[in-house]
Amino acid sequence: MTHGYQPTDTGAHAGPPDPAWPAAPYGVPQQRVTEPEPAAAAEPSVPASAPAPKKPGRDRYLDLLRSIALVRVVVYHLFGWAWLTVLFPSMGVMFALAGSLMARSLKRPAWGVIRGRVRRLLPPLWVFSAVVLAMMFAGGWNPLKDPDHGGTWGLVDLINYIVPIGAPPFPWSIGSKSGLLEDTWAVQAAGVLWYLRAYLWFVVASPLLLWAFRRAPWPTLLAPLGLTAVVGTGIVTIPGETGNAVTDFAVYGSCWVLGMAHHDGFLAKIPRYVAVSCAALVMAFGLWWASGHLGPDGWDLNDIPLAQATWSFGFVVILLQYSPSWQELPGRLAKWDKLVTLSNNRAVTIYLWHNLLIMATVPILDRLYELPFMQDERATAALDSTYMIWMFFLVWPLIGLAILAVGWVEDIAAKRSPRLWPNGTKNTKTRRRNSSRAGHRAK
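Residues numbered from 1 in each chain as written. Predicted model: local features only at pLDDT ≥ 70, side-chain atom pairs only at ≥ 80, totals over all residues. Heavy atoms only, no water.

**Focus: the overall build of the chain**
Alright, step 1. For the chain, the helix and strand inventory stands at 17 helices and zero strands.
Alright, step 2. Accessible surface for the chain amounts to roughly 20,400 Å². Of this, 67% is attributable to carbon and sulfur atoms. (Helix = DSSP H or I, 4+ residues; strand = E, 2+ residues; numbered from the N terminus. Areas by Shrake-Rupley, 256 points an atom, 1.4 Å probe, with all protein chains shown as cover.)

Dropping the structure here:
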């Protein structure tokens with residue numbers, strides 16, 4: 001027998017499932033150390049509104065948030081629990097973290113930063129697209145004959161598997177329900193690419209957004225929420241994928257700018273009790289709006305753009321207001337250091353492949369029904385009742401295999417030496433050895 005799972009979300013779309021990368025997903029992961037500045041170049045001047053530069057290195061609090069967001073995305077796409085979108089709005093968090101990193105990088109010339117971000121994004125996408133398209137074509141899909149994608153235009157739209165400027169075409173049904181993968185696998189696999197499209201447009205718009213924020217912070221910060229109130233509530237309807245793209249940009253735009261505000265120290269200038277109180281009011285409005293506009297999945301905020309935008313905005317404000325800027329994970333969190341490092345170094349790989357790997361657990365687990373002791377009805381019933389749990393435990397080793405198989409492409413894209421399992425172990429040993437040598441010299 002074949003067991004499905006609850007599909008998929010994530011964008012600010014209602015209707016057919018739309019995936020949140022990431023998330024990204026988040027933006028594209030960085031190296032463990034601060035990105036190097038161009039050789040022999042003077043430090044660019046920073047506007048008076050910007051804070052003093054932070055110590056070099058990763059902010060481990062932000063890295064931890066990104067890891068939690070990725071885990072939440074995987075769990076949501078597996079179990080389909082609508083309440084997870086309220087508990088932790090992963091997409092808003094990931095876009096905010098990417099906005100913060102982008103603001104940090106824009107101390108350098110904008111064109112070089114944009115080119116570097118796009119370069120890091122595309123090669124992992126190309127590997128994923130090659131596999132998914134090969135599977136679609138092998139399953140008999142022909143974009144020229146697909147009535148849902150306009151014939152020849154469907155062929156032209158394949159460019160979005162190379163550069164995600166729009167929505168890539170895919171068949172809504174391919175194969176059969178009794179096949180190796182369920183017939184909606186293409187929707188689940190390719191649907192996550194909405195996040196890469198939104199991320200790419202945010203990257204391109206970032207120089208303008210940062211310029212506008214530093215001159216008019218409040219209008220720039222709140223404008224996307226106003227736009228969401230217009231395009232995300234039906235006041236103005238933009239048809240097709242253009243409307244979806246504009247809605248995504250509006251819903252998560254304030255979160256992206258919040259990341260920039262966090263980097264520039266803007267949030268730190270607001271008294272914490274004021275920021276948290278206002279954020280709580282915005283979040284309360286989001287829940288109130290959601291209560292009157294529940295979609296087919298109830299409290300799934302991905303189906304309610306204005307609720308998603310306001311809840312995510314307030315949630316991110318609180319997370320960034322309490323940001324401790326850890327150089328290392330403290331206390332009991334330290335035992336998760338390697339996994340946090342690994343997930344940040346392979347965030348794009350995890351986000352791109354997780355949905356396809358969730359579906360891959362089904363044919364693997366279905367083989368258990370063929371075991372001799374599974375002919376007993378009680379054993380079959382036990383597996384039926386715990387099937388989703390077994391999927392959860394199986395998908396993580398499969399994600400690990402994907403990291404080993406194709407994760408190194410992220411290193412090539414970032415112009416680093418390829419690494420199979422970049423969990424920071426070597427860097428930690430190097431730091432300890434250097435510290436020991438420095439202590440020895442001090443004696």
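**Description of helix 15 (residues 387-406)**
Alright, step 1. Compared with an ideal rise of 1.5 Å per residue, which puts 20 residues at 28 Å, helix 15 spans 28 Å between its outermost C-alpha atoms and is within 8% of the ideal.
Alright, step 2. Every buried residue belonging to helix 15 is among Tyr387, Met391, Val395, Leu398, Ile399, Gly400, Ala402, Ile403 and Val406, and all of these are buried.
Alright, step 3. Buried positions along helix 15 lie against helix 1 (60-79), helix 4 (110-138), helix 12 (337-345), helix 13 (347-366), helix 14 (377-385) and helix 16 (408-413). (Expected span 1.5 Å × (residues − 1). Buried < 20%, exposed > 50% of the residue type's maximum accessible area, 1.4 Å probe, protein only. Contact = heavy atoms within 4.5 Å.)

**Regarding the pattern of salt bridges**
Alright, step 1. This structure, assessed with the given rule, holds twelve salt bridges.
Alright, step 2. Of the charged contacts in the structure, one is a salt bridge between Asp63 and Arg58, with a shortest N-O distance of 2.6 Å. By the burial criterion, Asp63 is buried, and Arg58 matches it.
Alright, step 3. For Asp63, a relative accessible area of 2% corresponds to the buried category. (Salt bridge = Lys/Arg side-chain N within 4 Å of Asp/Glu carboxyl O.)

**Quick look at the side chain of Ser90**
Alright, step 1. Of note, Ser90 is situated in helix 3 (residues 90-105).
Alright, step 2. Residue class for Ser90 comes out buried when judged on its relative accessible area of 0%.
Alright, step 3. Among the polar contacts made by the side chain of Ser90, one reaches the side chain of Arg72 at a distance of 3.1 Å.
Alright, step 4. Beyond its immediate stretch of four places on either side in the chain, Ser90 contacts Ala69, Arg72 and Val73. (Polar contact = N/O pair within 3.5 Å; in protein donor to acceptor, adjacent residues only side chain to side chain.)

**Remarks on unusual backbone geometry**
Alright, step 1. Unlike most non-glycine residues, Ser325 shows phi in positive territory, near 55°.
Alright, step 2. Given a relative accessible area of 30%, Ser325 falls into the partly exposed group.
Alright, step 3. Non-glycine residue Lys415 carries a positive phi angle of around 60°.
Alright, step 4. Mapped onto the elements, Lys415 comes out in the loop between helix 16 and helix 17 (425-442).

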